[in-house]
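What follows is the residue order along each chain.
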Amino acid sequence: MMISSSHHTREQFEHCLAAIRQASVEILLLLNVPVSEGKDPRWFLEQLDSARLGLGGWGAVASKLNLNDAEMTAFTLQLRLLQQRVPQYESGQDVSENQLIAAMRFVTSLEYLRLQQPLLTYDTGMVPEKESQLQAQKQVRAIELMIKGLIQQAWPDPVRLNNHLKTLFNAERVRRWLKNGEINDVLSGMLFSELAQLLVDKKEFSRYYASLFNAPDMLTLLVEPRKTLQTFLEDIRQIRNSITVQQPLSGAQIQLLDSYYTQITRSVQRAFEEGRTRVNPAALMAVAESDLHAFWEKAQKLDRTTGGDLFEVRDSIEKPTQRATRTPEQREQLISGVLWGAVGVMVIAIIVGGFWLVTSSKPQQAVVAAAGAPPAQEMRETPSSRETLTRMGVTWDENNFRSAINRNDTRVALLFLQGGMDWKMSWTEEALSAGYDDVLEVMLRYRLQMTEQKPCRRFINTLSHAMANGESLTSMRKQYLKAFCTVPGVVKRQQHDAEMATRRAKSQPDASTKKWQSIQTAIYEVIR
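Structure report, in brief. No experiment lies behind these values; they were computed from the predicted model shown. Residue positions are given per chain, counted from 1 along the sequence in the order it is written. Only residues with pLDDT of at least 70 are given local features in this predicted model, and only at 80 or more are side-chain atom pairs given and counted; all residues enter the totals for whole chains, interfaces and linings. Side-chain calculation: all heavy atoms of the structure are included, whereas hydrogens and water are not.

**Section: the overall build of the protein**
Inference 1: Strands here are runs of E lasting at least two residues and helices are runs of H or I lasting at least four, both read from the DSSP assignment and numbered beginning at the N terminus. Along the backbone of the protein there are 26 helices and zero strands.
Inference 2: Evaluated residue by residue, the protein yields a buried proportion of 45% over its 528 residues.
Inference 3: Within the protein, contacts between residues at least 6 apart in sequence are counted, and of these 73% link residues at least 24 apart.
Inference 4: Per-residue and other accessible areas follow the Shrake-Rupley method at a 1.4 Å probe size, with only the shown protein chains counted as cover for residues. Surface exposure of the protein reaches about 28000 Å², of which carbon and sulfur atoms provide 52%. For each residue, the accessible area found with a 1.4 Å probe, counting protein chains only, is set against the maximum for its type, and the residue is called buried under 20%, exposed over 50%, and partly exposed in between. Note on contacts: a residue pair qualifies if any of its non-hydrogen atoms lie within 4.5 Å across the two residues.

Have a look at this one:
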């Protein structure tokens, strides 16, 4: 049995290496590096570095491959990890599970690159049969329900769980999860990336979950199990997104998911058998087809409601600031307020004393004394925007500003803008999806305070995925595109993306490529 398993692993690995060699030749020729035959991963990395020197930097390489900076970085990092795991390979050599995972992860990167650059036509394997696709859906479902089960085991009281989530994230996000989820089940309203984040956050993992993922032979791809788990769950997020939009998984994705499922669930299964947890991954895999269909229907509905699970599983949760540190201006206002308050008390004391003296000796002058009081009221200045927010119980804090935008609170958002707080275009994504035009119009009136550097790449990417999930290119979205994304560089890049989408639709004509072509073209028509 062990020999059969080892032979199968070696076959899969050699298939991955063959695909990488074929792809490396096409990629290097596109980058003006003449080669006739692909070799091992280290050689490919060296040739990519030669292409970087020849073209003038990684930015030029990324441009040739139609990748952005982050995607180019991820591509090279995965190649480096592969060449570290497999410095050299001879046919028939023993292959470890980690070497196979590193190879399959890089093959999925090559598949993504092929989608981005239609000039690349290398083959990475056939689309698996329906049974394999169904098994993949079961595995993703089991992993997601396992994560929910582990969180519920750590926090059995729903009220305490809700309060804990408010501390980790913020109250506004918890309210949104409760609204999107089932009654009294906050976890059912969370995206997969948010559930995964709650599991792999440094403090949360060490406090509640580390003992369940301590098998010495599992989760060893990277330095520590938590970091490996984070990496695997991020890849699963992308696979889950493909399933949600009913896009067939590739052979490499299915093989990779199968390895991930084993690596992630084996330790938890062992803990269940030893009585250390009530979560049973094997039972979660035993699901009827009707229940599986219902699960993915709910997932698709949540995906449409939220605009998709677009953000990666990060290393730790970005906790909201409970109370913003006072700026020098705020400290100055506080001191000034205290001093003026003291002056006001003294003035009132003097007036009261004078009034008493005057009325005790000359009653007829009381009217004159009383008439002198109103000017003191007229000296009070109109409160500033920051003071008004403070009186409302709202601290001068980015998180409070963003929450106001997300709940369409024009009054609070306007006070932050009038007080001089800068904003970022990415903060408007939820409001645009929800159609909160009132607060979005207020933000546009203060467009000079939008200080995000190069906001359009993310904005257009998020908009494209939202439209792919059924949202429309509203008039407000068009206004934001025209306000911030009509600079020549952005227009040129979008023209290029539209042309690439058109080529892809012609070379691979199907509903998905034609839809993507119409989306990219529509965005380009707005900003051209």
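Picking up after the structure, the text goes on.
**Some remarks on the nonpolar core**
Inference 1: Among the nonpolar cores identified, the biggest contains 97 residues, and Ile27, Phe213, Leu233 and Ile264 are the most heavily contacted of them.
Inference 2: Once you skip the residues sitting within four places of it in the chain, phenylalanine 213 turns out to touch Met146, Leu150, Leu199, Phe205, Leu219, Pro225, Leu229, Ile264, Ser267 and Val268.
Inference 3: In terms of nonpolar packing, the next biggest core, distinct from the first, is built from 42 residues, Ala413, Leu415, Met425 and Ala498 among them. Put simply, buried Ala, Val, Leu, Ile, Met, Phe, Trp, Tyr and Cys residues joined by side-chain atoms within 4.5 Å make one nonpolar core.

**What to know about the state of the cysteines**
Inference 1: Note on disulfides: each one is a pair of cysteine sulfur atoms within 2.5 Å. Tallied over the full model, the rule gives one disulfide.
Inference 2: The disulfide bridge from cysteine 456 ends at cysteine 485, spanning 2.2 Å between sulfur atoms. Every disulfide takes its handedness from the sign of the S-S torsion; for cysteine 456 and cysteine 485 that torsion is -100°, giving left-handed. You can see cysteine 456 sitting in helix α23 (residues 456–468) and its partner cysteine 485 sitting in the loop between α24 (475–484) and α25 (488–507), a full 29 residues away along the chain.

**Digging into the layout of surface pockets**
Rolling a probe over the atoms, with the probe sized like a water molecule, indicates the empty space that remains.
Inference 1: Grid spacing is 1 Å over the protein atoms alone, the probe is 1.4 Å, and a cavity is where that probe fits but cannot get out, while a pocket is an open set with protein on both sides within 12 Å along at least five of seven lines and lining residues have an atom within 4 Å of a point. Grid points are joined across faces, edges and corners, and a volume is the space filled by probe spheres set on the points. By volume, the second largest pocket amounts to about 1600 Å³.
Inference 2: Sorting the residues of the lining of the second largest pocket by element identifies α8 (171–180), α9 (192–200), α14 (289–306), α19 (398–406), α21 (429–434) and α23 as the ones contributing at least two each.

**Focus: the pattern of salt bridges**
Inference 1: Take a side-chain nitrogen of Lys or Arg and a carboxyl oxygen of Asp or Glu: if they are within 4 Å of each other, that pair is a salt bridge. Enumeration over the complete set of coordinates arrives at 19 salt bridges.
Inference 2: Across the pair arginine 477 and glutamate 471 runs a salt bridge, and its minimum N-O distance is 2.6 Å.
Inference 3: Looking at glutamate 471, the relative accessible area reads 16%, which means it is buried.
Inference 4: Through salt bridges with shared partners, a single network forms among Lys202, Glu224, Arg226, Lys227 and Asp315.

**Description of the environment of serine 507**
Inference 1: With respect to the secondary-structure elements, serine 507 resides in helix α25.
Inference 2: Remark: the alpha-carbon pair of serine 507 and proline 118, spanning 389 residues in sequence, is separated by 8.1 Å.

**Some words on the packing of helix α20 (residues 410–418) against helix α22 (residues 437–445)**
Packed helix pairs are characterised by how far apart their axes lie and by the angle those axes make with each other.
Inference 1: In this analysis, axes come from line fits to C-alpha atoms, helices being fitted only over the stretch in contact, and the angle between any two N-to-C directions falls in the range 0 to 180 degrees. Taken N-terminus to C-terminus, the directions of α20 and α22 make an angle of 10°; their axes are 9 Å apart at the nearest point. On the basis of the axis angle, α20 is roughly parallel to α22. At the point where α20 passes α22, the crossing takes the right-handed sense. Where α20 approaches α22, its residues Thr410, Ala413, Leu414 and Leu417 are matched on the opposing element by Asp438, Val439, Val442, Met443 and Arg445.
Inference 2: Nonpolar residues are Ala, Val, Leu, Ile, Met, Phe, Trp, Tyr, Cys and Pro. Charged residues are Asp, Glu, Lys and Arg, and all others, Gly as well, are polar. Its residues assigned to classes, the contact of α20 with α22 comprises six nonpolar, one polar and two charged. For this classification, under 35 degrees means roughly parallel, over 145 means roughly antiparallel, 65 to 115 means roughly perpendicular, and everything else is oblique. Helix crossings fall into two classes, left-handed where the near helix is turned counterclockwise from the far one by less than a right angle and right-handed where it is turned clockwise.

**Focus on α9**
Inference 1: Of all nine residues that make up α9, nine are buried, and the element is covered over most of its length.
Inference 2: By the burial criterion, the buried members of α9 are Phe192, Ser193, Glu194, Leu195, Ala196, Gln197, Leu198, Leu199 and Val200.
Inference 3: Buried positions along α9 lie against α6 (130–154), α7 (158–168), α8, α10 (202–209) and α11 (225–244).

**Brief notes about the packing of aromatic side chains**
Inference 1: In summary, the pairing rule links any two rings of Phe, Tyr or Trp, Trp by its six-membered ring, whose centres are within 6.5 Å, and it sorts them by plane angle into stacked for under 30 degrees, edge-to-face for over 60 and tilted for everything else. Tallied over the entire structure, the rule returns 14 aromatic pairs.
Inference 2: An angle of 20° between the planes, with centres 5.1 Å apart, marks the rings of phenylalanine 401 and phenylalanine 416 as stacked. Taken together, the residues phenylalanine 401 in helix α19 and phenylalanine 416 in helix α20 connect sequence positions 15 residues apart. Just as phenylalanine 401 is buried, phenylalanine 416 falls in that class too.
Inference 3: A network of ring pairs unites the aromatic residues Trp396, Phe401, Phe416 and Trp427 as a single cluster.
Inference 4: Geometrically, a lysine NZ or arginine CZ counts as sitting over a ring once it is within 6 Å of the ring centre and also within 35 degrees of the ring normal. The side chain of arginine 386 reaches across the aromatic face of tryptophan 396, ending 4.1 Å from its centre.

**Quick look at empty space enclosed by the protein**
Inference 1: Taken as a whole, this structure holds three cavities of 30 Å³ or more when the rule is applied.
Inference 2: Contributing elements (two or more residues each) for the lining of the largest cavity: α21 and α23.
Inference 3: A breakdown of the residues in the lining of the largest cavity according to their chemical character gives three nonpolar, two polar and two charged.
Inference 4: Of the pockets and cavities examined, the second largest cavity occupies roughly 50 Å³.
Inference 5: Around the second largest cavity, the lining residues are Leu191, Phe192, Arg240, Ala299, Leu302, Asp303 and Asp309.
Inference 6: Of the residues forming the lining of the second largest cavity, the biggest block, three residues, is contributed by α14.

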